[in-house]
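# Descriptive structure summary
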Amino acid sequence: MNKIKNITLGITGSIAAYKAADLCSKLVKDNYNVTVIMTKAAQEFVGVQTFLTLSKNNVITGLWDHQNWKPGHIDLSDRTDLFIVAPATANFIAKYANGIADDALSTYAISHTSQVLIAPAMNPKMWNNPAVKNNIKTITNYGSIIIGPATGEVACGDNGKGRMSDIKEIINAIKQL
């Protein structure tokens with residue numbers, strides 16, 4: 001039996017966003033209740049309807065999507081056991097590391113109080129940038145678990161560390177929590 005029942009899955013604007021559909025599907029099949037938050041950039045790569053269908057829950061795309069007296073990011077935080085961001089771009093990681101809350105996902109991230117799992121995905125040059133490394137160190141110090149990134153060819157053809165970790169690795173990390 002899973003201790004973790006409710007997962008919030010954040011999806012950012014990386015080509016790896018398509019992999020989040022597979023992650024969402026597998027989590028639902030494993031009996032997790034998944035709520036998805038997508039950035040505007042993520043929606044450029046994959047559609048909201050995909051995650052609505054896979055999660056069987058409304059997909060959050062903006063700060064004002066929630067129709068309840070309690071602010072949506074606080075309400076969701078109160079009922080989430082695990083917060084995953086997969087893929088996590090350098091932009092999201094920087095916002096999270098520095099407490100910037102200017103969209104639905106970053107606002108939720110700042111209000112979330114339980115376990116956080118981050119699966120970075122970006123160009124190897126970005127991953128190796130000292131600012132990104134510093135931001136990763138900061139969010140690790142906050143208690144976030146970083147999974148990956150993997151080494152290999154990325155969408156632009158460059159090769160190196162930057163690919164989002166394999167879905168099986170992410171699911172194994174969830175089960176180990």
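A brief look at the structure comes next. If you're wondering where the values come from, they're calculated on a predicted model, not measured in any experiment.

Criteria and cut-off values
Residues numbered from 1 in each chain as written. Predicted model: local features only at pLDDT ≥ 70, side-chain atom pairs only at ≥ 80, totals over all residues. Heavy atoms only, no water. Helix = DSSP H or I, 4+ residues; strand = E, 2+ residues; numbered from the N terminus. Buried < 20%, exposed > 50% of the residue type's maximum accessible area, 1.4 Å probe, protein only. Salt bridge = Lys/Arg side-chain N within 4 Å of Asp/Glu carboxyl O.

### Considerations on unusual backbone geometry
A negative phi angle characterises most non-glycine residues, just as the trans form characterises most peptide bonds. Here the amide bond leading from Ala86 into Pro87 is cis, since omega sits at 5 degrees, within 30 degrees of zero. Tracing the backbone through its elements, the reader meets Pro87 in strand S3 (residues 82–88). Across the junction of Gly148 and Pro149, the peptide omega takes the value 5 degrees, indicating a cis bond. The residue Pro149 is located in the loop between strand S5 (145–146) and strand S6 (150–153) in this model. Look at Asn31: it is not a glycine, yet its phi comes out positive at around 70 degrees. In this structure, Asn31 sits in the loop between helix H1 (17–29) and strand S2 (33–38). What makes Asn31 exposed here is its relative accessible area of 67%. A positive phi angle is found at Lys56, which is not glycine, with a value near 65 degrees. Examined against the element boundaries, Lys56 turns out to sit in the loop between helix H3 (48–55) and helix H4 (72–78).

### A short note on the pattern of salt bridges
This model, assessed by the stated rule, comprises 5 salt bridges. Across the pair Asp30 and Lys175 runs a salt bridge, and its minimum N-O distance is 3.5 Å. Taken as a pair, Asp30 in the loop between H1 and S2 and Lys175 in helix H9 (residues 167–176) lie far apart in primary sequence, 145 residues in all. For Asp158, the salt bridge is made with Lys125, and the minimal N-O distance between the two is 3.3 Å. Residue Asp158 is found in the loop between S6 and strand S7 (159–163), and its partner Lys125 is found in helix H7 (residues 124–127); the two are separated by 33 residues along the sequence. Using a relative accessible area of 63% as the deciding quantity, one classes Lys125 as exposed. One network of salt bridges, in which partners are shared, links Lys95, Asp102 and Asp103.

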